[in-house]
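Read off the chains here:
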Amino acid sequence: MLPLNTFKGKVAFITGGGTGLGKGMTTTLSMLGAECVISSRKLDVLKETANEITSQTGNKVHAIQCDVRDADSVKNAVTELIQVAGHPDVVINNAAGNFISPSERLSANAWRTITDIVLNGTAYITLEVGKELIKAGKGAAFLAITTIYAESGSGFVVPSASAKAGVEAMYKSLAGEWGRYGMRFNVIQPGPIKTKGAFSRLDPTGEFAGDMVTRIPCGRLGTAGEIANLATYLCSDYANWVSGAIIRMDGGEYVFMAGEFNNLKKVTNNQWDIMEKLIRKTKGS
Ligand code: COA
């Protein structure tokens, strides 16, 4: 964790901050001195989280209802954010929507629902906060949480893959354009981190988690605390020269899946002895 008081006097706005990774990042920001504002559709969940974190850290956490799919709801939430805490120094676009499904089963509304939450939601929040910051002459660190398959694409989560790729293009583009206003834009691509929200939609029977672990060289899933450490670093003044970066954090899963020979990890030493002999025999042929 960063030094205590790293975020003292700073305001952090975290969408989807009531549960899962958003709650984890809010907790760490709050521990490091930030005044946090969390948003999601469910005000009761947000209030419970806000109270829990405040009682743990002693720092204020505000709860604001916001459906990121709805541009008016976002506008109202940003107005309220500025009223209760002031212009944010940190903005984390963490709210997401996803489920696994064969693409031939997706209705137009299913596609719209996911892309509205992930791509349009991130755009509404970023544009609304960004315009207010420009008016106020204030910079900020923006962070978006995407996924490792935003880069590769992935079957069975096609709306999410498409929308998250759009978010990455948006953040790289804004890093280029709005740097002049003192804003930084970065992205974290997490691999699998077990949270109820994600795993209930991506591994509903609990069957896939075991498989995931076998392809993660670090040998385990990630934790909310680990992503919170990277997120707080990227949004802190320690990272003031980091902008337009897309940082993969997945215990090595992406490169493991990409490397053609990586499955040879299952080969035993005895098998290697046999194969080495066979290979050496072919020398010169
Ligand atoms: N398979 C296929 N289609 C599905 C589906 C599934 N498992 N789940 C939902 N849909 C379709 C619905 O049928 C609907 O389309 P239709 O109107 O043509 O029938 C459309 O998607 C919207 O579903 P609905 O349940 O009305 O949306 P919602 O706004 O209540 O919920 C979700 C949005 C579906 C994304 C819900 O999972 C959610 O709220 N997620 C938020 C948290 C989250 O996803 N976290 C994981 C992040 S990794």
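Residues numbered from 1 in each chain as written. Predicted model: local features only at pLDDT ≥ 70, side-chain atom pairs only at ≥ 80, totals over all residues. Heavy atoms only, no water.

Novice: Could you give me a rundown of the site of the ligand, with the residues and numbers involved?
Specialist: With respect to spatial proximity, 15 residues lie near the ligand, and among them R41, R69, S107, N109 and R201 are the closest. One of the side-chain N or O atoms of R69 is found 2.8 Å from an oxygen atom in the ligand. The side chain of S107 places a nitrogen or oxygen atom 2.5 Å from an oxygen atom of the ligand. Considering the ligand on its own, with 930 Å² of exposed area, one finds that the protein chains cover 57% of that surface. (Near = heavy atom within 4 Å. Polar contact = N/O pair within 3.5 Å; in protein donor to acceptor, adjacent residues only side chain to side chain. Areas by Shrake-Rupley, 256 points an atom, 1.4 Å probe, with all protein chains shown as cover.)

Novice: Any details on helix α1 (residues 20-31)? Residues and values, ideally.
Specialist: With twelve residues, α1 extends 17 Å between its outermost C-alpha atoms, agreeing within 8% with the 16 Å of an ideal straight helix rising 1.5 Å per residue. In terms of burial, α1 is a largely internal element, nine of the twelve residues being buried. Along α1, the positions that sit buried rather than exposed are L21, G22, G24, M25, T26, T27, T28, L29 and S30. G33 sits one or two residues past α1 and shows a positive phi near 105°. (Helix = DSSP H or I, 4+ residues; strand = E, 2+ residues; numbered from the N terminus. Expected span 1.5 Å × (residues − 1). Buried < 20%, exposed > 50% of the residue type's maximum accessible area, 1.4 Å probe, protein only.)

Novice: Account for the pattern of salt bridges, naming residues and giving values.
Specialist: Overall, the coordinates contain ten salt bridges when judged by the stated rule. Here K10 ties to D237 by a salt bridge, and the two come within 3.0 Å at their closest N and O atoms. In this pair, K10 sits in the segment before β1 (11-15) while D237 sits in the loop between α9 (224-235) and β7 (246-249), placing the two residues 227 residues apart along the sequence. Owing to a relative accessible area of 46%, D237 belongs among the partly exposed residues under this scheme. Among the ionic pairs, E132 bridges to K135, the shortest N-O distance being 3.2 Å. Taken as a pair, E132 and K135 lie in helix α4 (residues 108-136) at a separation of three residues, close to a single helical turn. (Salt bridge = Lys/Arg side-chain N within 4 Å of Asp/Glu carboxyl O.)

Novice: I'd love a proper account of the packing of α4 against helix α6 (residues 158-178), names of residues and values included.
Specialist: Contact pair α4 / α6: the axes reach a minimum separation of 7 Å and the direction vectors enclose 15°. With respect to α6, the element α4 is oriented roughly parallel. Viewed along their axes, α4 and α6 form a crossing whose handedness is right-handed. Side by side, α4 and α6 meet where W111, I114, T115, V118, L119, T122, A123, T126, L127, G130, K131 and I134 of the first sit next to V158, P159, S160, S162, A163, K164, G166, V167, M170, Y171, L174 and W178 of the second. (Axes fitted to C-alpha atoms, helices over the stretch in contact; angles between N-to-C directions. Parallel < 35°, antiparallel > 145°, perpendicular 65-115°, else oblique. Left-handed = near helix turned anticlockwise from the far one by under 90°. Contact = heavy atoms within 4.5 Å.)

Novice: Outline the pairing of strand β4 (residues 90-93), supporting the account with residue identities and numerical values.
Specialist: Both faces of β4 are covered, namely the face carrying V90 and I92 and the face carrying V91 and N93. By the bridge criterion, four bridges tie β4 to strand β5 (residues 140-145) in an arrangement that is parallel. In the sheet register, V90 faces β5, and the bridge partner there is A141. In this fold, β4 hands off to α4, which returns the chain to β5; that crossover is right-handed. (Pairing = 2+ DSSP bridges. Right-handed = clockwise from strand over helix to strand, strands pointing away.)

Novice: How would you sum up the environment of K47? Please name residues and give values.
Specialist: Inspection of the secondary structure puts K47 in helix α2 (residues 43-57). Taking relative accessible area as the criterion, K47 reaches 46% and is therefore assigned partly exposed. The sequence separation of K47 and H62 amounts to 15 residues, and the corresponding C-alpha distance is 7.7 Å.

Novice: Which residues make up the packing of aromatic side chains, and what values do they have?
Specialist: Per the counting criterion, the structure on display carries three aromatic pairs. Ring centres of F142 and F185 lie 4.6 Å apart, and the angle between their planes is 15°; on these two criteria the pair is classed as stacked. In this pair, F142 is assigned in strand β5 and F185 in strand β6 (residues 183-190), connecting sequence segments 43 residues apart. On the basis of relative accessibility, which here comes to 1%, the residue F142 falls in the buried class. Given a relative accessible area of 0%, F185 falls into the buried group. Ring geometry for Y171 against F185: centres 5.2 Å apart, planes inclined by 85°, an arrangement best described as edge-to-face. In this pair, Y171 is assigned in helix α6 and F185 in strand β6, connecting sequence segments 14 residues apart. For the pair Y171 and F185, a shared accessibility class is recorded, and that class is buried. Ring pairing ties together the aromatic residues F142, Y171, W178 and F185, which thus form one cluster. (Phe/Tyr/Trp six-rings, centres within 6.5 Å; stacked < 30°, edge-to-face > 60°.)

Novice: Please give an account of the sheet that holds β1 that cites residues and values.
Specialist: Spatially, the seven strands line up as an open sheet ordered β3-β2-β1-β4-β5-β6-β7, and their pairing is parallel. Edge positions in the sheet fall to β3 (61-65) and β7, since each has one partner strand and no second. Within the sheet, the average angular offset between the axes of one strand and its neighbour, ignoring direction, is 20°. Pairing of strand β2 (residues 35-40) with β3, which is carried by five bridges, proceeds in the parallel orientation. Looking at the pairing, C36 lines up with V61 of β3. Lying over the sheet, α9 contacts β4, β5, β6 and β7, oriented at roughly 165° with respect to β6.

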